[in-house]
Amino acid sequence: MDAVRLIAAGRHALAQSGAAWDIVGEAWQAQALAQGIGSCLAVTGPPELRSEARGLGEAGGRGCGVLDRAALHGEGRAPEYPPRAAQLSEVSDVRQALLGLQALLGEVGIALVGVACGTDDETLYWQCIESIDAADESSDRVRAILRRMAVRERGSASGVA
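Below is a summary of the structure that appears in this document. The structure presented is a predicted model; accordingly, all values stated were derived computationally and were not measured. (Residues numbered from 1 in each chain as written. Predicted model: local features only at pLDDT ≥ 70, side-chain atom pairs only at ≥ 80, totals over all residues. Heavy atoms only, no water.)

Our next topic: the overall build of the protein. Each helix and strand in the protein was counted, giving six helices and zero strands. The proportion of buried residues among the 161 residues of the protein is 48%. Contacts spanning at least 24 positions in sequence make up 79% of the contacts within the protein whose residues lie at least 6 apart. Taken as a whole, the protein presents about 7800 Å² of accessible surface, with 53% of it coming from carbon and sulfur. (Helix = DSSP H or I, 4+ residues; strand = E, 2+ residues; numbered from the N terminus. Buried < 20%, exposed > 50% of the residue type's maximum accessible area, 1.4 Å probe, protein only. Contact = heavy atoms within 4.5 Å. Areas by Shrake-Rupley, 256 points an atom, 1.4 Å probe, with all protein chains shown as cover.)

All chains considered together, the criterion is met by seven salt bridges. For R11, the salt bridge identified is with E107, shortest N-O distance 2.4 Å. With a gap of 96 residues between them, R11 in helix α1 (residues 3-16) and E107 in helix α5 (residues 94-117) connect regions that are remote in the sequence. We classify R11 as partly exposed; its relative accessible area is 32%. For E107, a relative accessible area of 28% translates into the label partly exposed. A salt bridge links E52 to R148; its shortest N-O distance comes to 2.9 Å. Separated by 96 residues along the polypeptide, E52 in helix α3 (residues 50-65) and R148 in helix α6 (residues 122-157) bring together distant segments of the chain. Residue classification places E52 among the buried positions, given a relative accessible area of 18%. For R148, a relative accessible area of 35% corresponds to the partly exposed category. (Salt bridge = Lys/Arg side-chain N within 4 Å of Asp/Glu carboxyl O.)

The next thing to look at is empty space enclosed by the protein. For the structure shown, the criterion picks out one cavity of 30 Å³ or more. In this model, the largest cavity occupies a volume close to 30 Å³. Lining the largest cavity are G10, L14, E26, Q29, A30, R84, L104 and V108. Only α1, α2 (20-44) and α5 provide two or more residues apiece to the lining of the largest cavity. The leading source of residues in the lining of the largest cavity is α2, at three residues. (1 Å grid on protein atoms, 1.4 Å probe; cavity = no way out; pocket = protein on both sides within 12 Å on 5 of 7 lines; lining within 4 Å. Points joined across faces, edges and corners; volume = space filled by probe spheres on them.)

Helix-helix packing: each pair is described by the crossing angle between the helix axes and the interaxial distance. Contact geometry of α1 with α5 gives a least axis separation of 9 Å together with a crossing angle of 15°. One finds that α1 runs roughly parallel with respect to α5. Seen from above, α1 lies across α5 with left-handed handedness. Facing A3, V4, I7, G10, R11 and L14 of α1, the residues of α5 in contact are Q96, A97, G100, L101, A103, L104, E107, V108 and A111. Considering only residue class, the contact of α1 with α5 consists of 10 nonpolar, three polar and two charged. (Axes fitted to C-alpha atoms, helices over the stretch in contact; angles between N-to-C directions. Parallel < 35°, antiparallel > 145°, perpendicular 65-115°, else oblique. Left-handed = near helix turned anticlockwise from the far one by under 90°. Nonpolar A, V, L, I, M, F, W, Y, C, P; charged D, E, K, R; others polar.)

Next up, the structure:
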């Protein structure tokens, strides 16, 4: 499935999440998607973007690692989360995918702040704080790729390769 469609599905799922642990699960999904998109672009993307794309893949992987998967699946909490990113088959529109991913990561951060501020569960609180940091790092990587793309496009427009 194309990255843009997966991002849209992630944004919809996050918007539909009501329970705190569901929101944390969607944060994990967003990080897995960042990892998948970064890894895909590192292999198949424009050569001048591959280094930054590799960094996005690594940041997304670290973001997945900060979440305690056992806590996500604890008693009375979210069901097993198959990674939506496993369905990623292509990134046909790099700019749209990155803009969508940046929006998703921002929405994840806002949702996690809400959960962190509203919980008395210390485990959940720290999961949110670590996930906010991870989403911010992934978002920084997306911005770096978008800046590199803009520089490349300006160079192409002026006749400089």
